[in-house]
Amino acid sequence: SMIADQEAAFLARTGESRRIRRDCADVLAGGVASNWQDAPPGAVWISHGSGSRIVDVDGTSYVDLHGGFGVGLVGHAHPAIVAAVGERVRRGTHFAQPTEDAVVVARALARRFGLPMWRFGNSGTEATMDAVHLMRVATGRMKIIKVEGSYHGHHDSVEVSVYPSAEDAGPAFRPRSVRQGLAVPPDLARLTIVVPFGDLEAVERALIENPGEIAGMIVEPIMMNIGLIPPPDGYLGTLKALLNRHGAYLAFDEVKTGLAVAPGGASELLGVAPDLICLAKALGGGLPCGAIGGTPELMGLIAEGVYEQVGTFNGNPLTMAAARTVLLDVLNDGAYRHFERLRAIMSEGAVAVLRAHGLAGYVQSFGAKGAVIFHDRLLRNYRDFLDYPDQWGQAHWLYQHNGGVFLPPWGKCEQWTVSVQHGEDDVRRFLVNLERMARDYA
Ligand code: PLP
């Protein structure tokens, strides 16, 4: 009934969102622009954002910890981004010819991520698709390995093993390749071999059972779509060596971790250099952007025209101007110190609240991102995540929302993102709402 009260409060505040949604359902399929914008108990339509805040169409202002699914490291309408993008708009926004900002951005990424050559796209999906394609072209092998439950975007080869229940997914140590929905050809899904996160034996088994057939593996170095799960010690380094020993490559999907956990992403933070890195989200500072970086061996295939990495909007001048500003001006050393300060307040504060009220749970956090996981055991992989009951996550989302803090919807699985424009007051409000929930339930 506490959840019912919270839901009622939410619905009472968001009438205009529901009116718009009802009225547009005849022209906008499903009443939203992307399925994930429609989480229970309803889509919230946004009017504008500024600094650490967003305002919905009912006029309610929220501290934004959703960050547009982790994009928002710069916050909203950051003056430096507004100036750079504004200037670029006045000088023309699209030519499908290169502009000099693309070079500046590529150099900045090479410096941060330790991989020398880069290309651009428009989303995380395009970046992970390029990674899969490059590994296939480089090896002439068609199979790839991915981690169970890991989300890498919406192209066919990675739309495998992202299911709401593991009922038909086979044993935990050897998950079957289950396609995500009817659009994925079963023959293609079979080319994607699924392993549990953190399990090196499963990867070795896959390599031995498919000799000379595996092009490489794509993995989120820190899993960020099922709560937040760091890798076991030594996992990623051993993974790299194991794959390379079998003539296969390792691609890091750093779409979420990329600029958020350290200036050079999880690869820098954890000290593992993969063959490829996929970026998106925060890189564009709020504009749609993706990037792929890699070794000369792999990226040389693009340079030589063996793999055609293309796209009308690749390296779009507007996006490149924003990305240049993100990398050179906004996400400087001070920004990372700021993220660390806020991270400490949030994680230590949240743990204190859980302890004080005897609520089961723990906090995982890195840089600008973190999550409260309301569970008495550490989640290690997707099966653990599926076993973890989602009642607290959803209640928490509602308490935060009604208390003026916007977390990513789908309560159980998404984490907070702070920006350079968030302050201590913003994150303390998060703790106040968590405490309110803990008090109601204790
Ligand atoms: N990879 C990861 C880890 C993601 O979290 C996402 C998006 O949520 C993607 C890839 C796909 O990115 P996009 O939605 O920009 O295509």
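Predicted, not measured: the structure shown is a model, and the values here were computed from it.

Draft legend 1. Expanded view of the site of the ligand. Within the structure, the ligand sits among 14 residues, and Ser123, Gly124, Thr125, Gly153 and Val255 are positioned closest to it. Among the elements that line the shell around the ligand, the one with the most residues is helix H6 (residues 124-139), at three residues. Grouping the amino acids of the shell around the ligand by side-chain chemistry returns four nonpolar, seven polar and three charged.

Draft legend 2. Examining the pairing of strand S10 (residues 290-294) more closely. Counting buried positions along S10 yields five of five residues, so the element is predominantly enclosed. In this sheet, S10 lies alongside strand S4 (residues 117-121) in antiparallel orientation, the contact comprising five bridges. If you follow Trp118 over to S10, its bridge partner there is Gly293. As judged from the four bridges shared by strand S9 (residues 276-279) and S10, these two strands associate in the antiparallel manner. Residue Leu276 lies in a different strand from S10, and its bridge partner there is Gly294.

Draft legend 3. Molecular detail of the nonpolar core. Membership of the largest hydrophobic core comes to 121 residues, with the highest contact counts inside it found for Ala131, Tyr249 and Cys278. Shared between two domains, this core takes at least three residues from each, and those domains are domain 1 (2-73 + 333-441) and domain 2 (79-330).

Draft legend 4. View of the sheet that holds strand S7 (residues 214-219). Overall, mixed pairing links the seven strands, which are arranged S4-S10-S9-S8-S7-S5-S6 in an open sheet. A single partner strand is all that each edge strand has here, and the edge strands are S4 and strand S6 (192-195). Each strand of the sheet is rotated relative to its neighbour by a mean of 20°, with strand direction disregarded. Contacting S4, strand S5 (143-147), S7, strand S8 (249-253), S9 and S10, H6 crosses the sheet at an angle of about 30° to S10.

Draft legend 5. Spotlight on the environment of Glu213. Assignment of secondary structure puts Glu213 in the loop between helix H8 (200-209) and S7. A C-alpha to C-alpha distance of 36 Å links Glu213 and Gln415, two positions 202 residues apart in sequence. Apart from residues lying up to four places away in sequence, Glu213 is in contact with Arg141 and Lys143.

Draft legend 6. Seen up close, H6. With 16 residues, H6 extends 23 Å from end C-alpha to end C-alpha; this agrees with the ideal 22 Å at 1.5 Å per step. Every buried residue belonging to H6 is among Gly124, Glu126, Ala127, Thr128, Met129, Asp130, Ala131, Val132, Leu134, Met135 and Ala138, and all of these are buried.

Draft legend 7. Summary view of the domain arrangement of the protein. Each assigned domain of the protein is listed here: domain 1 (2-73 + 333-441) and domain 2 (79-330). Contacts between domain 1 and domain 2 engage 25 residues on the former and 26 residues on the latter. Residue composition of the side of domain 1 that touches domain 2, grouped by class: 15 nonpolar, seven polar and three charged.

Conventions adopted
- Residues numbered from 1 in each chain as written.
- Predicted model: local features only at pLDDT ≥ 70, side-chain atom pairs only at ≥ 80, totals over all residues.
- Near = placed C-beta within 6 Å.
- Helix = DSSP H or I, 4+ residues; strand = E, 2+ residues; numbered from the N terminus.
- Nonpolar A, V, L, I, M, F, W, Y, C, P; charged D, E, K, R; others polar.
- Buried ≥ 20, exposed ≤ 12 C-beta atoms within 10 Å, placed from the backbone.
- Pairing = 2+ DSSP bridges.
- Core = buried A, V, L, I, M, F, W, Y, C linked by C-beta atoms within 7 Å.
- Domains from an automatic or database assignment.
- Axes fitted to C-alpha atoms, helices over the stretch in contact; angles between N-to-C directions.
- Contact = placed C-beta atoms within 7 Å.
- Expected span 1.5 Å × (residues − 1).

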